[in-house]
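Chain and residue survey
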Amino acid sequence: MCTVCGCGDTSVESKAHGHDHSHDHGHSHSHDHGHSHDHPHDHSHVHHHGDDIHFGQGAAGVDVAGMSQERLIEIETGILTKNDRYAAANRDALIGLGAFAVNLVSSPGSGKTTLLCKTIEALGDQPLAVIEGDQQTANDADRIRATGATAVQVNTGKGCHLDGHMVGHAMEHLDLPQGAMLFIENVGNLVCPAGFDLGEDCKVAILSVTEGEDKPLKYPDMFTASRIALLNKVDLAPYCDVDLDLYEHNLRRINPTIEIIRISARTGEGMDAWIDWLRGNLAAKSATEAAE
């Protein structure tokens, strides 16, 4: 088991941060890390015994057979420190460009690539680029490029998420202009990406109405780490016997300050609010940096 995220990978402790980079000129980057990279889980692992919401077990937030909690904490601390250096360098580069970066996180099948394509179209002439993360294939990056946007594909191989090093390496191939938006579409996974600082301004959790109202309660770290949740595919709600108010209640039960937009990439519902949110945050970041 991965000693940090508990995802089942056994290689995290035994390998160094080795990257097998394979690059083609179509901006497809293969990073077969075997989960050997840094996992900066910035969790407090709070236990809410009264309502049965538990953030991990033990001081390390995970149990691994044969390892003490002290050893697990020692491993995690070293991992966090290394990734944070990469993330800090990415953040500095984005600040220098006045760019606003969002880390799109979700489970597989949430509709985030379709939503991202519609977002790119709605943003019109806004300068932007995409870093597309998947374990294999360049299918999603090809879909992004079909909109006219620049995209770099990062294939993580056995890895279950993007990390700061991967994102920094991808950024080197993007040539982001001043005032751009950067969309980082993470690997579909509601566990590992939750605590990984990539240098982004914020995480955006995309949650499909088909996933069940209890999803935020099952994967609390992801929704705690996100600034905003996009409750996607709301056009399907009448056919799925779901309670949209209960989705929002459970999201705020986990993260009382999370912003929520009900949205449908297919019908366009909520798209104006989402685009306004993006433009507003880019403008706010630009104004803050100008004041400094």
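Note that this is a predicted model, so its numbers are computed, not measured.

What counts, and where the lines are drawn
- Residues numbered from 1 in each chain as written.
- Predicted model: local features only at pLDDT ≥ 70, side-chain atom pairs only at ≥ 80, totals over all residues.
- Heavy atoms only, no water.
- Phe/Tyr/Trp six-rings, centres within 6.5 Å; stacked < 30°, edge-to-face > 60°.
- Helix = DSSP H or I, 4+ residues; strand = E, 2+ residues; numbered from the N terminus.
- Buried < 20%, exposed > 50% of the residue type's maximum accessible area, 1.4 Å probe, protein only.
- Polar contact = N/O pair within 3.5 Å; in protein donor to acceptor, adjacent residues only side chain to side chain.
- Contact = heavy atoms within 4.5 Å.
- pLDDT = per-residue confidence, 0-100.

Turning our eyes to something else, we now look at the packing of aromatic side chains. By the definition in use, this model includes 2 aromatic pairs. A centroid spacing of 5.7 Å and a plane angle of 20 degrees characterise the contact between W274 and W277, whose relative ring orientation is stacked. Of the two residues, W274 and W277 both sit in helix 9 (residues 271-291), 3 residues apart, roughly one turn of that helix. According to the relative accessible area criterion, W274 is buried, its value standing at 2%.

Along the polypeptide, S110 turns up in the loop between strand 5 (100-105) and helix 2 (112-123). Residue class for S110 comes out buried when judged on its relative accessible area of 1%. Separated by 2.7 Å, the side chains of S110 and S106 make a polar contact. Once residues within four sequence positions are removed from consideration, S110 is found in contact with I206, S208, E211, N232 and K233.

On average, residues of the protein score 81 in pLDDT, and 73% of them are at 70 or above. Note on residues 8-27: pLDDT is under 50 here. Beyond four places in sequence and across chains, it has 53 contacts.

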